[in-house]
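# Observations on the three-dimensional arrangement
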Amino acid sequence: MPLSVALQYIYPKQALTTLAGKVANARAGGLTHALIRRFVRRYGVNMQEAAQPEITAYPSFNEFFTRALRADARPLAQADFICPVDGAISQFGAIARDQIYQAKGHTYSTRALVGGDAALAALFDDGAFATIYLSPRDYHRIHMPAAGTLRRMIHVPGELFSVNPATAQGVPGLFARNERVVCVFDLPRGEGLAPMPFVLVLVGATIVGSMATTWHGVVNPPRPGQVREWTYGDAPVQLAKGEEMGRFLLGSTVVLLWPRDAIAFNPDWAPEAAVRMGEAMGAAL
């Protein structure tokens, strides 16, 4: 195991995350703008894509990090499912009964990922998954891959390991160990057909100060140390394909789940390939 991964078992991830959140939310004028400029240079952030390209227009690092893009920056492909984020494909493909492939030698269960709900997890037995990693330079808003109706949101407490590729190869069950927000949707399948269940999971990580959704706002903090759940049966939230559904306040990973015989992935997709929000992800079966 690389030293950088081994050290994550012992250093104070929660304390670092809390500190990073405070720094990212601080409105420190010139200091904040200097931090943003350094970040832009260090990671090669393309500010010309931003709806507001001027660094001095962002009063906090978090407002810069979750910046909106120009309306024409991410056109939506003519596809049944579009990529929900900018990032790099970690893994994708078939779920082996209930096991999701993480990296060589590592799998984890759908039940663990969704916070222990066996009935929810069973909907995705032998289904399909996609895991996409958002690096620091990426756009960090998350969009809907297809039109859907929100049914549930589950905040699952957990660890705060890094989710970079090296850690994914070294920490067993990483995405089912880290703190996460599980969003459960129904996707329409046409007249006379029952809706398709679909899950989009926002996975936290070291120094990810919080995760937010458009219908709830910031989900964490608080971090009460127990599973929290919200249901939307009486007031369902309708979201269009390509519509923003959430954001990372400092970045991480998304995991998507489909039931069996639901998606044929874009044949151009491959692990480690770069993807952009709005590109074709797959076709409905």
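Structure first, text after, so check above.
On a predicted model such as this, the values are computed, not experimentally measured, just so you know.

Reading guide: rules and limits
Residues numbered from 1 in each chain as written. Predicted model: local features only at pLDDT ≥ 70, side-chain atom pairs only at ≥ 80, totals over all residues. Heavy atoms only, no water. Helix = DSSP H or I, 4+ residues; strand = E, 2+ residues; numbered from the N terminus. Contact = heavy atoms within 4.5 Å. Buried < 20%, exposed > 50% of the residue type's maximum accessible area, 1.4 Å probe, protein only. Phe/Tyr/Trp six-rings, centres within 6.5 Å; stacked < 30°, edge-to-face > 60°.

## So, the environment of Gly115
Examined against the element boundaries, Gly115 turns out to sit in the loop between α5 (110-113) and α6 (118-122). In this structure, the C-alpha to C-alpha distance between Gly115 and Gly170, residues 55 residues apart in sequence, is 22 Å. Beyond its immediate chain neighbours, meaning those up to four positions away, Gly115 contacts Val156 and Arg180.

## Let's talk about the side chain of Thr131
Within the secondary structure, Thr131 sits in strand β5 (residues 128-133). Residue class for Thr131 comes out buried when judged on its relative accessible area of 2%. If sequence neighbours within four positions are ignored, Thr131 has contacts with Ala88, Ile89, Ser90, Gln91, Tyr108, Phe175, Thr253, Val254 and Val255.

## Section: the packing of aromatic side chains
Here a ring pair, both rings aromatic, is described through the centre-centre distance and the interplanar angle of the planes. For the structure shown, the criterion picks out 16 aromatic pairs. Ring geometry for Phe39 against Phe64: centres 5.8 Å apart, planes inclined by 80°, an arrangement best described as edge-to-face. Highlighted residues: Phe39 in helix α3 (residues 30-43) and Phe64 in helix α4 (residues 61-65), separated in sequence by 25 residues. Aromatic side chains Phe92 and Trp269 sit 5.5 Å apart centroid to centroid with 90° between the ring planes, which places their arrangement in the edge-to-face category. Of this pair, Phe92 sits in strand β2 (residues 87-94) while Trp269 is found in the loop between β16 (263-265) and β17 (274-275), placing the two residues 177 residues apart along the sequence. The exposure class of Phe92 is partly exposed, given its relative accessible area of 22%. A relative accessible area of 9% means that Trp269 is categorised as buried. Ring pairing ties together the aromatic residues Phe81, Phe92, Phe185, Phe198, Trp215, Trp258, Phe265 and Trp269, which thus form one cluster.

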